[in-house]
Amino acid sequence: MRKTLIIIAALLLAAVTAKAQTNPHEINFYIGGYNSQFLEYKTDQNTAMDLYSLYEPMYNVTTGPVLTVDYNYSVLKWLSVGAQLHYSQITVNSYTRIEGSSNTAKRNIFCFLPEAKLRIPSPAHFRMYGRLAAGISYTPSLGVRFAYDIVPFGIEWGGQRVYGTAEVVYGNVIKGGRIGMGFRF
């Protein structure tokens, strides 16, 4: 009896895995906004009016779009594992009030984040999911830092092989959202 249950469980697991293997690979390309890696550089000019702030540098950070490529492999129908690669550029303007000097520096940011994507059972042409990703961020002048991305809500719409995608994202790589397209093969 025990052997029969083990065989039935193995067959069920193989059937679920085989069902997920119809198009197990997917690649997504995204563009997102508001890189949040270096918010500690941002200084509020209105609240920093004490004597100390006259001699310390003030920072203003502007961000550009965050470009993302991710790859996922469908392990089960509801679970995919993979990795994300991000590229973005920020501009840091630093200045001092007492000297009136300013300096502008551009910083390139590269991120690598392994991820797990959880799909919610949905219709074939409108799929919902969530995602957790954690890894590293590398900035050439500042070194390596911890990076994470949490997608509490994402949607895919369109076909089974080519589809559009949009996400709400919270993390220290992006705070906001991203939109893009994906391919399954």
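Computed from a prediction, not measured in an experiment: that's the story for all the values here.

**Here we look at the nonpolar core**
Piece 1. Grouped together as the largest cluster of nonpolar side chains are 15 residues, with contacts concentrated most on Ile90, Cys111, Leu113, Val173 and Ile174.
Piece 2. Those elements that place two or more of their residues in this core are strand S4 (79-95), strand S5 (102-120), strand S6 (126-139) and strand S7 (143-158).
Piece 3. Broken down by element, this core gets its largest block of residues, 3 residues, from S5.

**Quick look at the layout of surface pockets**
Piece 1. Taken as a whole, the largest pocket encloses approximately 530 Å³ of empty space.
Piece 2. Lining the largest pocket we find 21 residues, and of these Lys77, Arg119, Arg127, Gln160 and Arg184 sit closest to its centre.
Piece 3. Of all the secondary structure elements, the ones that give two or more residues to the lining of the largest pocket are helix H1 (2-20), strand S3 (66-76), S5 and S6.
Piece 4. The residue inventory of the lining of the largest pocket, partitioned by class, reads 9 nonpolar, 6 polar and 6 charged.

**Some details on the environment of Gly154**
Piece 1. Position of Gly154 relative to the elements: it lies in strand S7.
Piece 2. A sequence separation of 35 residues divides Gly154 from Arg119, and the C-alpha atoms of the two residues are 9.3 Å apart.

**Considering the pattern of salt bridges**
Pairing between side chains becomes possible if they bear opposite charge and their charged atoms approach one another.
Piece 1. Summed over all chains, the structure comprises 11 salt bridges.
Piece 2. One salt bridge connects Glu26 with Arg119, and the closest N-O pair in it is separated by 2.5 Å. Placement of Glu26 in strand S1 (residues 25-32) and of Arg119 in strand S5 is noted, with a sequence separation of 93 residues between them. With respect to class, Glu26 is no different from Arg119; both count as buried.
Piece 3. For the salt bridge of Arg184 with Glu26, the shortest nitrogen-to-oxygen distance reads 3.4 Å. Taken together, the positions of Arg184 in strand S9 (residues 176-184) and Glu26 in strand S1 put the pair 158 residues apart, joining distant regions of the chain. Neither residue differs from the other here; Arg184 and Glu26 are each classed as buried.

How each quantity is defined
- Residues numbered from 1 in each chain as written.
- Predicted model: local features only at pLDDT ≥ 70, side-chain atom pairs only at ≥ 80, totals over all residues.
- Heavy atoms only, no water.
- Core = buried A, V, L, I, M, F, W, Y, C linked by side-chain atoms within 4.5 Å.
- Buried < 20%, exposed > 50% of the residue type's maximum accessible area, 1.4 Å probe, protein only.
- Helix = DSSP H or I, 4+ residues; strand = E, 2+ residues; numbered from the N terminus.
- 1 Å grid on protein atoms, 1.4 Å probe; cavity = no way out; pocket = protein on both sides within 12 Å on 5 of 7 lines; lining within 4 Å.
- Points joined across faces, edges and corners; volume = space filled by probe spheres on them.
- Nonpolar A, V, L, I, M, F, W, Y, C, P; charged D, E, K, R; others polar.
- Salt bridge = Lys/Arg side-chain N within 4 Å of Asp/Glu carboxyl O.

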